[in-house]
Amino acid sequence: MKKVLIVVAALIAVLVAGFVFVKGTPQYSLYQFKKAVQNHDPDTAFKYLDVDSVVDNLALDLINSKEMNKPASNPWEEAGQTMAKGLMTVMLPSIKEAMKGQIKTAITTADSEKSENDKGTNTIKGLNKGSWSDFDVKVEGKMAIVTNKQDDALKFKMVKSSEGHWKITKIIIPHTK
């Protein structure tokens, strides 16, 4: 009887340890994000998607892009580039709030209610479909780069939060590198 109890206790310990390990992976956070989107639950989805960081990183990528930093051919072009960068910085808070609203609407709107124009307008659609095996996840400490195996244009960065789950913080756009 003691041997059976020891075996059962060891098995339970292994299962608990395995669950704790899996729960701390980027793949599990992607699964939870997908489940939140499918259940039209934006509050849970925002636990795994840091919109502020995504918008900040997109703005930085745009500001640092080759197009925005190419040498100006005249003073007017240089002034325009400087003004565009300044405007982008000033408008970031408004852009973040608008993005949160749009993402919340995209999550809460049932697929049957979405129009033809909504197709492919956001990365959420690419994350919502598929499974863990559709993504290549490269973890480096508390950061992970996630790439869709079928569509390498869908690539993003995740960071481990202080709560122990992973959050999408950056959408990596190939042409802005």
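Here is a short report on the structure shown in this document.

Procedures and definitions
Residues numbered from 1 in each chain as written. Predicted model: local features only at pLDDT ≥ 70, side-chain atom pairs only at ≥ 80, totals over all residues. Heavy atoms only, no water. Pairing = 2+ DSSP bridges. Helix = DSSP H or I, 4+ residues; strand = E, 2+ residues; numbered from the N terminus. Axes fitted to C-alpha atoms, helices over the stretch in contact; angles between N-to-C directions. Left-handed = near helix turned anticlockwise from the far one by under 90°. Contact = heavy atoms within 4.5 Å. Nonpolar A, V, L, I, M, F, W, Y, C, P; charged D, E, K, R; others polar. Expected span 1.5 Å × (residues − 1). Buried < 20%, exposed > 50% of the residue type's maximum accessible area, 1.4 Å probe, protein only. Salt bridge = Lys/Arg side-chain N within 4 Å of Asp/Glu carboxyl O.

### Some points on the sheet that holds strand β4 (residues 166-172)
Then step 1. Spatially, β1-β2-β3-β4 is the arrangement adopted by the 4 strands of the open sheet, whose pairing is antiparallel. The sheet is open, and its two borders are formed by β1 (135-140) and β4, each paired with just one other strand. The mean inter-strand angle of the sheet, taken between neighbouring strand axes irrespective of direction, is 25 degrees.

### Focus on the pairing of strand β2 (residues 143-148)
Then step 1. Of the strand pairs in this sheet, β1 and β2 are connected by 6 bridges, and their pairing is antiparallel. Bridging across to β2, Asp136 finds its partner in Thr147.
Then step 2. Alignment of β2 against strand β3 (residues 155-160), held across 5 bridges, turns out to be antiparallel. Bridge assignment links Met143 to a residue of β3, and that residue is Val159.
Then step 3. Taken together, β2 and the strand that follows it, β3, pair antiparallel across an intervening segment of 6 residues.

### What to know about the packing of helix α4 (residues 51-63) against helix α6 (residues 75-108)
If you want to describe how two helices pack, look at the angle between their axes and the distance between the axes.
Then step 1. Across the interface, α4 lies against α6 with an axial gap of 9 Å and an inter-helix angle of 145 degrees. Remark: the crossing between α4 and α6 carries right-handed chirality. Taking contact as the criterion, the partners of Val51, Asp52, Val55, Asp56, Ala59, Leu62 and Ile63 in α4 are, on α6, Lys85, Met88, Thr89, Leu92, Ile95, Lys96, Met99, Lys100 and Ile103.
Then step 2. A per-class count over the contact of α4 with α6 returns 10 nonpolar, 1 polar and 5 charged.

### What about helix α1 (residues 2-23)?
Then step 1. Spanning 22 residues, α1 covers 31 Å between terminal C-alpha atoms, matching the ideal 32 Å at 1.5 Å per step.
Then step 2. Little of α1 sits out of view: just 0 of its 22 residues are buried.

### Some points on the pattern of salt bridges
Then step 1. This structure, assessed with the given rule, holds 5 salt bridges.
Then step 2. In this structure, Lys100 engages Asp52 in a salt bridge whose closest nitrogen and oxygen atoms are separated by 3.3 Å. With Lys100 in helix α6 and Asp52 in helix α4, this pair connects stretches of sequence that are 48 residues apart.
Then step 3. Two residues, Glu97 and Lys100, come together in a salt bridge whose shortest N-O distance is 3.6 Å. Residue Glu97 and its partner Lys100 are both found in helix α6; the two are separated by 3 residues, about one turn of the helix.
Then step 4. Lys100 sits in the partly exposed class, given a relative accessible area of 27%.
Then step 5. Among the charged side chains, a network of salt bridges with common partners joins Asp52, Glu97 and Lys100.

So, to be careful, I would describe these as geometric facts and stop short of saying anything about function.
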